Each structure stands twice: as structure tokens, then as C-alpha cells.
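Now for the letters of each chain:
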Amino acid sequence: MIRRRLFTAALVAATALALTFLALPLLAIFLRVAPGELVSQLGNDVVLDAIVVTAKATLISQALILLVGTPTAYLIASRSFRGRALVITLVELPLVLPPAVAGLALLATFGRLGLLGGTFEALGVTVSFTQAAVVLAVTYVASPFYLRQAIASFEALDNSLLDASRTLGAGPARTFFRIALPLAASGLAAGAALSFARGIGEFGATIMFAGSLQGVTQTLSLAIYAQFDLNLDLALALGALLVLLSAAILLAAKLLPAWTRSTSTLLSPFARFGSS
Amino acid sequence: MDALHLDVALPLRPFRLELALAVGRETVALVGPSGAGKTSVLRTIAGLARPERGRVALDGRLLFDAAAGIDLPPEERGVGYVFQDYALFPHMTVEQNVAYAGGGRAGEVLDRLGIAALADAQPGELSGGERQRVGLARALARDPDVLLLDEPMSALDAHTRTGVRAELRRTLDDLDLPVLLVTHDFQDAAVLADRVGVLVEGRLLQVGTPGELVAAPSDAFVASFTGANVLAGFARRGAGGLTEVTLGDGSILYSVDEGEGPASVAVYPWEISIAREPPHDSSLNHVRRPITSLVRIGNRARVQVGPLVGEVTTASVERLGLHEGETVVASFKAAATHLVSRES
């Protein structure tokens, strides 16, 4: 009896410690500076520039990730081929790679003296330390979050549904758009939300490969670092903004699948009444 | 004229599927234990599996020919496929499922199968029998040249099974299409199909009407699959033109079929009578053993006596006062047996 209570108490204590540790720093950002001060800081040029750079880079990279990542994930998920495990490992590698290494690698590839640098220079294109570099850095670091989830979502599809589509006269493309994509949609959306959140918070690869130039390559995360020594209140305001944004994305990712499920079951009874 | 011609070889994991089969405007059932390669046959015809050699022709059209390098994709084969568990698209209504096949005949097909009232329902809300009919409607919506059904009865509750099976038989009869279905249940095959082929480890052991398979099973497996008791022994010519089969326990059974060497005696449960003493009638075969189980099914009872299962009326069970553990005599005529060769 006493042992059992002791065990429960230990569980509760551990949980309380963990939650406090995770939540207190977030709370501290909001408690450090008065709310009015936080809001007024957001009018600063540095903040506005960072918001524009971040929004642009994240949206473009997210579009690239969805457009290229979705067919890639579908192919990997639906075929078995030699070296498949290797391909999946390659896709997942940026997840565990230190972002600084990713930035260094991108520099070694696209930098002026990098692998493809000469090619780009001949075309008159400079990649490193431009907005394109921000997009590449964000895409490189964030895409595995989407790819992993998308591969899992396509793999979870019932193969007989795809086979049925083919025997009903639909080619592979129609089968993909009408059957595979809608059925995997909630999983894909969750993956997109995760990669979106990771992209917004990108720091290490961006600062190595794109630098931190206000209005050009300085994203919200980079602006925090830049303002840390100059204006701590501004850094805190940016931090507060990112906390709210991240929380909103995470919440959306969690609610989205539940929402699509519940609408499909909610709609059907009405459809049923309508017909009878 | 036969509509569907099939002669293919396909390596499956423990064995090779080697099968030649022609199906006319009739229903043919392939039966066999699970893992015998039944579904692979359907997938080969539909273009979902690629044989290693051979050809598949439908109404004179070549769907597959390894030698000529012909391999039409599934969407160009004109094959209606009802999948096991029906594979209805969960994000579409019944009508959208059927309309997916194109052809603009969704409404007409739903009407014909008597499920027009379900048009706006989601697949998740349907009963097993309803889902089967939607799967059938969807497969027929494109006017296929052949209909394939994979275990059409497996997703049904036991209590609706018989009704749905009879209904399906009527629907298939009205189609005037070659139909090939696979099932692991000989009863289902016998009710649904005009001809039945027994497929084991990728090979067709025997093809015939259900009656032919029961009357003259080609081997012990076909016999036991159709529900017969199969007793292994050694056959030799006996007196009076009968064949004597010595069983493992030394007892002897008699058969009118001729045979020598390792052989099995097959006898159907309904040919077996049960009595307390050996009857003074024409039956030559008597097995005296305790009843090991007695199961009543409706007005019949299945009585297990030693290695034999006999089927008698429950009225007989009451009249004789039979119960488990009691020693009885199970008898059957030499003329009621089939002798099937037993090659190791």
C-alpha cells in the first residue's frame, strides 16, 4: 500500500519536474518584459525585416518541399528496390546532422569556391549570402521532417485500394491524385506542419551559409542572435513571437488530422438523411 | 467459345504457380487452402502481378504474352475485380465509388444490384453484404469482359452468409460474363460456381462440376477438401472383385474401386450409418470405436467415431440415445467409397 503510493508520488514528482522545466523558460520570456513593451518592440524595423525574410524563405522552401517531396515520398513508399534502406537513411540524415555541418556542406557545394560554385558563377548567379541561400538552408534542414512523415503516410495506405483504382481504369497518375493523395492527406499535412515549424526556427545552417544581413538574409532566429547584445528587449519580443508561432503550428498539426477525420464522419449521417 | 484463356507460370515464395485454365460464359471457382496461389491467379489476369512466362487472352485479345512482350497495364485490360474485403474507397460515397470507374452508368448499375438507396452512404456505414454488392457494382460499372472475385464471402457474418451467397449466385447467373472466383471454402464454391478447380501449391489438381469432384475425387486432397473422410492404407486385390485396403491399425476396409499399393479410402459423412451393433445389411465396412465427439447442427448431427465423421439426423441420435464416449459401429458400403491413389 505505502509502496504503491510512493511509486505514484514518484511518477507525479517526475512529471511535475519535467513540465516545469519545459514550460518555465517559455513563461520567463513573457514575464521578463511588460506586454506593452513587447508589442511596441514588434514595430521595430529589424523585426519587420526579419518577418518578411522569414515568411518569404519559409513559404518558398515549403512549396519546394511539398512539390518535390511528395512525389519522392510516394515513389520511395510504393516501390521496393535495391538500396531502398540506404535512400531512406540519406533522407533522414539531415534530421540528426548538426545544422552547422549542414551550413558548411551547403557552402562547400554552392559557395563561390564550392563544388557547383564555378558553374553558378559562370551563369552569373551567386547563391551564398543571398535570400536563395536562406531558402536552400531552410529546405535542406526542414525537408526530412516532411519526407519522413510523407513516406510513412503513403506506406500506410491499403495497397488493395491502389490496385482497385487501376482495375477500374485509372492510370498511375489518376490513382495518385484521386486515391493516394486524399487518403494520405492528413498525414502529409502533419508532416508539412512539422517541417514548416522547423524551417521557421532554422538558425545554424542559415548563419553559416547565408549570413545575417538585415533585410536580406536575417530571419527571426538570426535577428534574436543579432539583437541579443544590442537590445535584449527586442530579442525577447522576437522570442515571444516565435513561441506563439511555434505553438500555433504544433496545435494545428495535432488538430488537423482529427478535424479531417471528424468531418468525414460528421458529414455522412447528413448525407444519409438526405437520400432516404 | 471460351472467353478467358490462361496459361501462366509465376514464381511464388515456396512454390511455382503453374496453371492452364479456360473459362467460358460460366462461373469457375478456384478452391484451395490459403497460400495455394489463388489470389495470384486473379492478380495475374488483372495485370497486378507479372508472370514469368505464358499468356493470358480475353475474348481473343492478348492481355499478356511473355514471348511477344505484351503486358497490358491493369487499366487497359477490361477486367472487373472484386477484392477481398472489397477495397471500397473510404473517402468516397457509394455512388462516387461506382462512378470512379467512369462510363456514366453508376446509377444504372446501382439500380440493377438493388442498392440505389445506398448511393450517398459512406462505405464505413455498410454491412458486409452491402459492401459486397457495392464492390460488385463498382467492378461491373465499366462493362468488363471478365469478372474476378477474391474470397467474396470472407468478410461476411456467419448468419448472413447463406442468404448473401444465394443472392450472389443469382447475380452472377444474370451477368452472362465469364466469372472466376477464388475461395478457401468448398461449400461456397459448390453453391456459386458451375465448375470448380482445386488449386494446391500452385497446381490445379482437378477441375470439374462440384458433383464430379464429390463423386470422383482425383486424389486424397480433393476428397478431404470436398468434405470426405480420407483413411490412408495399402490396397490389394481381394476376393469377389473387391479391393481390400489395410489401414495403419491393421483393420481392413473394402472398396469397389480398383487399386493397388499405397491408397486412401474416401467416404462422405452422409454415406455413414451409426448403430450400436454391426447391422445385418449390405454394408461391408464396419468401424467399432467410441464416439469422440457429437455436434448437432440444425436437424443433423456430426458424429466422430474413431477416424470417421458420420452425419446422421438428430432424430436418430435421440432414438439410439447416442452420447460421447459410447462405443458404436460406423458402417458404410464398399460401393460408397472412392479409392484415391496416395503418392508420397
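Residues numbered from 1 in each chain as written. Chains lettered and ligands numbered in written order. Predicted model: local features only at pLDDT ≥ 70, side-chain atom pairs only at ≥ 80, totals over all residues.

With that settled, the discussion passes to the overall build of chain B. Helices and strands together make up the secondary structure of chain B, namely nine helices and 21 strands. Once the C-alpha set of chain B is aligned to its principal axes, its extents read approximately 70 × 50 × 35 Å. Counting the 344 residues in chain B, one finds 44% classified as buried. (Helix = DSSP H or I, 4+ residues; strand = E, 2+ residues; numbered from the N terminus. Buried ≥ 20, exposed ≤ 12 C-beta atoms within 10 Å, placed from the backbone.)

On to the sheet that holds strand S14 (residues 252-255) of chain B. Residues and elements named next belong to chain B. A sheet is described by the order of its strands in space; here five strands give the open sequence S14-S13-S12-S15-S21, paired in antiparallel fashion. The sheet is open, and its two borders are formed by S14 and strand S21 (338-341), each paired with just one other strand. Pairs of neighbouring strands in the sheet enclose a mean axial angle of 45°, with direction left out of account. Here strand S12 (residues 229-237) pairs with strand S15 (residues 261-267) via seven bridges, running antiparallel. If you follow Val-230 over to S15, its bridge partner there is Ala-266. (Pairing = 2+ DSSP bridges. Axes fitted to C-alpha atoms, helices over the stretch in contact; angles between N-to-C directions.)

So, on to unusual backbone geometry. All names here are of chain B. A positive phi is found at Asp-143, a non-glycine position, where the angle reads about 55°. In this fold, Asp-143 is placed in the loop between helix H4 (128-140) and strand S8 (146-150). For Glu-151, which is not glycine, the phi torsion reads 45° and is therefore positive. Residue position: Glu-151 is located in the loop between S8 and helix H5 (158-175).

With 19 residues of chain A in contact, the opposing surface of chain B contributes 22 residues. In terms of residue class, the side of chain A that touches chain B is made up of eight nonpolar, eight polar and three charged. (Contact = placed C-beta atoms within 7 Å. Nonpolar A, V, L, I, M, F, W, Y, C, P; charged D, E, K, R; others polar.)

Let's shift gears to the domain arrangement of chain B. Residues and elements named next belong to chain B. Domain assignment breaks chain B into domain 1 (4-218) and domain 2 (221-341). Computed over C-alpha atoms only, the centres of domain 1 and domain 2 are separated by 37 Å. Every contact between the two is made by eleven residues of domain 1 and, on the other side, eleven residues of domain 2. Where the side of domain 1 that touches domain 2 is concerned, the elements lending two or more residues are strand S10 (195-200), strand S11 (203-208) and helix H7 (210-215). Class assignment of the residues belonging to the side of domain 1 that touches domain 2 gives a composition of nine nonpolar, two polar and no charged. (Domains from an automatic or database assignment.)

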